[in-house]
Structures are given as structure tokens and as C-alpha cells.
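Descriptive analysis of the structure
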Amino acid sequence: MSLRSNTAFIAATASIAIIASGCSDGASPAARSTPSSAAASTYDASSASDAEKWSEYQRLLEVRAVPADKFGTSREEAPGVAANLCDNSAEDMATYVQMREALHDDSSDFRVSKLEATAFTKAYCPQASSLLESAYLAAENAADEPVVADLEPADFKLGVKIKRRKCFGSAGCNVTYVIEPEYVGFADVSTGSYDITYEVSGVEDGPAVNTMTLEDGTMSFDSEESASTASSKAKLKAKVTDVSPTQ
């Protein structure tokens, strides 16, 4: 029985509201005012004044430890941002989050931008918070999914190494061999999982068909395979015939 013990490491040769990171004229966002001492449970955005909404937004930023000077919306911009953001559809929210993700390519900054944006909607339009949070969650889940490359058989080169051979004259030979795979493609295969089917020719009743795997940049295959050949001069050759993402 063959054991899958060999591994080969391979080198991966619409109106959308925008909560500004700063004021549009280049000035710094307004300094954070002292959060209201009123309990959050008594706050009602539907009846709150602009001043009360701003105070609640500042309170939430402080509770979430969000640096307002880097991520916060200025007091002057807040009414305009609310007028657009609060009426966004689910599709608009998804597009808005994509824009924020492009702006904050660092994952930690993106998480802080989520805390700031959801603090804004909770203070100015709680009815839009669930749409915004769902859009952020979808973006985070998409970022966690492994990238699956579109690989083809030509992206792999296979050699065959004979480990043992025992011949019986005109009756032929029994050989034990191992394949030597090499990734020669250009796509990044450091993430994702693939099943790679290959065949070995030169054997009796061949070709012999088997499968190896490629997962997160590491290739796994049988440490030994056995076959019979018509003579000692038979030359074994291997080639990949199919590559598909692991289901």
C-alpha cells in the first residue's frame, strides 16, 4: 500500500455617501466634544437634534476607542454624509464598503473604519446600521476566502524517478517509482486547494492514472507507485491531465 508521505514545497512563481477621513478642504476634523452623559438607552435618533446626534456619535467613537482625527467625520460634514448614507440601499452599502476597503488597505485600519462608520449610522440613522454591518461582514468574509487560481495541466511538469526495478527476462520487469512534480505556472498558489490528475505512460496495461494534491503551496503525492513494464528498456513518462479546485 502506498503512503502519501512526500511533500514538495513550491514557490508561487448610485449615489454613495463617503465618510471622509478628513475635511474636504484639507483641514482636520473638528475636535471631539465631550460625550453626553445621558445613557445610551435613552437616545432616540428619530427625535434627536443635530447637536444630540453629534454628541452621540462622539460618545460611540470614544467607547469604541476610534481616533476621530484619523477616521472621524467632521461636524460640518456630518449632515451631508447622513443625508446620503442613511438612504443607501443594500447594494449601495456594499459599494460604499468596497470603497472604504480600497481606502484602508491595511486590515486593522479597515476594522477601525468599520467601527467609525457603524458608530455614525447608529447615531444618525440606526435603521441603516444593519445594512452597513451586513456589507462589512460580507467584505470580511470575502477577504478570508482563499484565492483559487485558474490552473491548467501545462502549469505542471512531472518527472519519474525509478526507485527499484526487478526484471524476469522476456517476462518483463516490476518497477517501483515516484513522481517528481514541479509547478511552472505564474499564478499565486500559496492559498487554495487543488486535485491534480496525472498519468504515467510506458507501463503495461497503461497508462497508470493517479491523483496528487496541491494545498496552500504544498504538493502531496504517493511516496511510491508500482507497475510492470514489458522490458528493462521501457521508459516511464508522466504528465498532468487535469487540475481542479478541491470541492
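Figured I'd write up the structure that's included with this text. (Residues numbered from 1 in each chain as written. Predicted model: local features only at pLDDT ≥ 70, side-chain atom pairs only at ≥ 80, totals over all residues. Heavy atoms only, no water.)

Side note on the overall build of the chain
Helix and strand counts for the chain stand at 6 helices and 8 strands. Going from the N terminus to the C terminus, the chain shows its helices and strands as β-α-α-α-α-α-α-β-β-β-β-β-β-β. Counting across all 247 residues of the chain, residues that qualify as buried make up 38%. Split by element, the accessible area of the chain, about 13,600 Å² in all, is 50% carbon and sulfur. (Helix = DSSP H or I, 4+ residues; strand = E, 2+ residues; numbered from the N terminus. Buried < 20%, exposed > 50% of the residue type's maximum accessible area, 1.4 Å probe, protein only. Areas by Shrake-Rupley, 256 points an atom, 1.4 Å probe, with all protein chains shown as cover.)

Topic: the pattern of salt bridges
Pairing between side chains becomes possible if they bear opposite charge and their charged atoms approach one another. Per the counting criterion, the structure on display carries 7 salt bridges. Lysine 163 is paired through a salt bridge with glutamate 224; the nearest N and O atoms lie 3.4 Å apart. Pair noted here: lysine 163 is in strand E2 (residues 156-167) and glutamate 224 is in the loop between strand E6 (218-221) and strand E7 (225-229), with a separation of 61 residues, a long-range link. Here the salt bridges share partners, and the residues they tie into one network are Lys163, Arg164 and Glu224. (Salt bridge = Lys/Arg side-chain N within 4 Å of Asp/Glu carboxyl O.)

Let's talk about the sheet that holds strand E3 (residues 173-183)
Taken in spatial order, the 3 strands line up as E2-E3-E7 in an open sheet, and their pairing is antiparallel. Only two strands of the sheet have a single neighbouring strand rather than two, namely E2 and E7. Ignoring which end each strand starts from, the neighbouring axes of this sheet average 35° apart. Pairing analysis gives 5 bridges linking E3 to E7, with the strands arranged antiparallel. If you follow threonine 176 over to E7, its bridge partner there is serine 226. (Pairing = 2+ DSSP bridges. Axes fitted to C-alpha atoms, helices over the stretch in contact; angles between N-to-C directions.)

Notes on the nonpolar core
Nonpolar side chains tend toward joint burial in soluble globular proteins. Of all hydrophobic cores here, the largest spans 27 residues; its most connected members are Tyr57, Val97, Phe120, Tyr124 and Leu132. Among the elements of the structure, helix H1 (50-63), helix H2 (68-71), helix H3 (78-85), helix H4 (90-103), helix H5 (107-124) and helix H6 (129-144) are those that each provide at least two residues to this core. A total of 6 residues in this core trace back to one element, the largest contributor, which is H5. One finds Tyr194, Met219, Ala227 and Val243 within the second-largest nonpolar core, a separate group that totals 24 residues. (Core = buried A, V, L, I, M, F, W, Y, C linked by side-chain atoms within 4.5 Å.)

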